[in-house]
Amino acid sequence: MNFDVFTLLPDVMQAYLHASILGKAQEAGLIHVKLHNIRDFTTDRHRTTDDEPYGGGGGMVMKPEPLFAAVESALGDDMGKMPVVLLTPQGRLFDQGVARELAQHTRLALICGRYEGVDERVRCHLATDEISIGDYVLTGGELAALIIVDAVARLITGVLGDTQAVKKDSHASGLLEHPHYTRPASFRGWEVPEVLLSGDHARIAAWRREQSLQRTLHRRPDLLEHAELDEADRNILDQLLKEERNHSSR
Ligand code: ADE
C-alpha cells in the first residue's frame, strides 16, 4: 500500500511514521509512505503557500497552485485512478468502515490543509474525497493524515503479524473489544478474573464475548444497531438489559 501525504510539516510527521509498527512495515516494504512538502512546489521567491481570502475576513487560505503542482507531479499517470483525500473538518467522518474501504486501494493521496482553509478549487477539482477525523477543528490536517495512515496500514496483511489481531479489534465486528490482562495475576490486590487463568478456551471465549457485549451496551449502545450479532449474543444482551432493569428498580 502506498501513501502520498502532502503537507507543509513533513518533519513533524516523520518521527511517528518511522516508529514501531509503521516503521517496521515500511522497512518490510508492506507500506510506503512518501511525504511531499507542498512548499517545494511554490514558484515565487518567498515560497508562498497561503494568501488573504477574497472578500476579506481574517485568516489565510492555502493557495491552489502549489497544491495542484505537488499532487499532479507526485501522482503522474495515477491521477484519476486513485483516491485523493482532503483532510478537513467538513469531510465525511472517519471510522473503521472507512479505514477498511481505503485499505482496498493500492495507492492513496492525503492532502493536509493548514491555516484557515484551503482554496475551494482544491476541494472541487483536485480532491476526490473529503474526510474528517471528528467534530472538532485542528490547526491542520497532519494529525488526521497520521490517524488515517495508521488505521489503514494496520489492516494490510502482514503489518500486525498476527492476522487474528485485526479481526478481534474493537469495532472490527461492530463491538468494543473485551478487557485485557497480563501478569501479574494479582496487582495491588486487584485480581485477574479467574476464568482467564482457567485454561478453558471455550469458557474464556464466552466470557470475552459477554464482556464485549456488556461494554458496548454500556459505552456505545449506538454500535449495537449495526453490529454482527447471533442469537446467543442477543440472549446475552436481553439478559444484561433485564439485570439492569432489576437493578435500577431496586
Ligand atoms: N483539519 C482540521 N480539523 C480536522 C478534522 N477534524 N479532521 C480532518 N482534518 C482536519
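Residues numbered from 1 in each chain as written. Predicted model: local features only at pLDDT ≥ 70, side-chain atom pairs only at ≥ 80, totals over all residues. Heavy atoms only, no water.

*Asks:* An account of the site of the ligand is requested, with residue identities and associated values reported.
*Replies:* Taken together, L87, T88, P89, I131, S132, I133, G134, Y136, V137, L138, G140 and A144 make up all the residues around the ligand. Here a nitrogen atom of the ligand sits 3.0 Å away from a polar atom, N or O, in the main chain of I133. Note that a nitrogen atom of the ligand is positioned 3.2 Å from one of the backbone N or O atoms of G134. In the complex, the protein chains occlude 96% of the 260 Å² of accessible area that the ligand would expose alone. Per element, the largest residue contribution to the shell around the ligand is three residues, and it comes from strand 5 (residues 84–93). Tallied by class, the residues present in the shell around the ligand amount to eight nonpolar, four polar and no charged. (Near = heavy atom within 4 Å. Polar contact = N/O pair within 3.5 Å; in protein donor to acceptor, adjacent residues only side chain to side chain. Areas by Shrake-Rupley, 256 points an atom, 1.4 Å probe, with all protein chains shown as cover. Helix = DSSP H or I, 4+ residues; strand = E, 2+ residues; numbered from the N terminus. Nonpolar A, V, L, I, M, F, W, Y, C, P; charged D, E, K, R; others polar.)

*Asks:* Would you mind going over the packing of helix 1 (residues 10–18) against helix 6 (residues 142–153) in detail, with residue names and values included?
*Replies:* Closest axis-to-axis distance for the helix 1/helix 6 pair is 11 Å, and the angle between their directions is 20 degrees. In terms of axis orientation, helix 1 runs roughly parallel to helix 6. For the crossing formed where helix 1 meets helix 6, the hand is right-handed. Across the interface between the two elements, M13, Y16 and L17 from helix 1 touch E142, A145, L146, V149 and D150 from helix 6. Classifying every residue of the contact of helix 1 with helix 6 by side-chain character gives six nonpolar, no polar and two charged. (Axes fitted to C-alpha atoms, helices over the stretch in contact; angles between N-to-C directions. Parallel < 35°, antiparallel > 145°, perpendicular 65-115°, else oblique. Left-handed = near helix turned anticlockwise from the far one by under 90°. Contact = heavy atoms within 4.5 Å.)

*Asks:* Break down the packing of helix 9 (residues 201–219) against helix 10 (residues 231–249) for me, citing the residues and quoting the values.
*Replies:* Where helix 9 contacts helix 10, the axes come no closer than 10 Å and their chain directions differ by 55 degrees. By the angle between their directions, the pair helix 9 and helix 10 is classed as oblique. Considering only the axes of helix 9 and helix 10, their crossing is right-handed. Each of R209, E210, L213, Q214, L217 and H218 in helix 9 lies in contact with helix 10, whose residues at this interface are D233, I236, L237, L240, L241 and E244. Counted by class, the contact of helix 9 with helix 10 contains six nonpolar, two polar and four charged residues.

*Asks:* I'd like a rundown of the pairing of strand 5, residues and numbers included.
*Replies:* As judged from the four bridges shared by strand 5 and strand 6 (residues 107–112), these two strands associate in the parallel manner. When the sheet's bridge partners are listed, V84 is paired in strand 6 with A109. Crossover strand 5 to strand 6 through helix 4 (residues 96–102) is right-handed. Note: strand 5 against strand 8 (residues 129–132), five bridges, orientation parallel. Residue pairing for strand 8: V85 is matched across the bridge by D129. (Pairing = 2+ DSSP bridges. Right-handed = clockwise from strand over helix to strand, strands pointing away.)

*Asks:* Help me get a handle on the sheet that holds strand 6, residues and values and all.
*Replies:* Across a sheet, paired strands are connected by hydrogen bonds in the backbone, their directions being either parallel or antiparallel. The strand order across the open sheet formed by five strands is 2-1-6-5-8, and the pairing between neighbours is parallel. Edge positions in the sheet fall to strand 2 (32–37) and strand 8, since each has one partner strand and no second. When strand polarity is set aside, the average angle formed by the axes of neighbouring strands in this sheet is 35 degrees. Where helix 1 meets the sheet, its contacts fall on strand 1 (2–7) and strand 2, and the angle it forms with strand 2 comes to roughly 165 degrees. Sheet strands touched by helix 6: strand 1, strand 2, strand 5, strand 6 and strand 8. Its angle to strand 1, the strand with the most contacts, is close to 175 degrees.

*Asks:* Describe helix 2 (residues 20–27), and please don't skip the residues or the numbers.
*Replies:* Three or more residues of helix 2 are buried, namely L22, G23, A25 and Q26. All buried residues of helix 2 fall inside an arc of 160 degrees around its axis, so they share one side. Turned more than 90 degrees away from the buried face of helix 2, the exposed residues are S20, K24 and E27. Close packing links the buried residues of helix 2 with helix 1, strand 2 and helix 6. (Buried < 20%, exposed > 50% of the residue type's maximum accessible area, 1.4 Å probe, protein only. Arc of directions from axis to C-beta.)

*Asks:* How would you explain the pattern of salt bridges if you had to name every residue and give the values?
*Replies:* Following the criterion strictly, the structure yields 14 salt bridges and no others. Note that E101 and R92 form a salt bridge whose closest N and O atoms lie 2.8 Å from each other. Note on E101: relative accessible area 37%, which makes it partly exposed. For R92, a relative accessible area of 31% translates into the label partly exposed. Close ionic contact of R92 with D129 constitutes a salt bridge, the shortest N to O distance being 2.7 Å. Placement of the pair is R92 in strand 5 and D129 in strand 8, with a sequence separation of 37 residues. For D129, a relative accessible area of 16% corresponds to the buried category. Bridged by salt links that share partners, the residues D4, D78 and R107 form one connected network. (Salt bridge = Lys/Arg side-chain N within 4 Å of Asp/Glu carboxyl O.)

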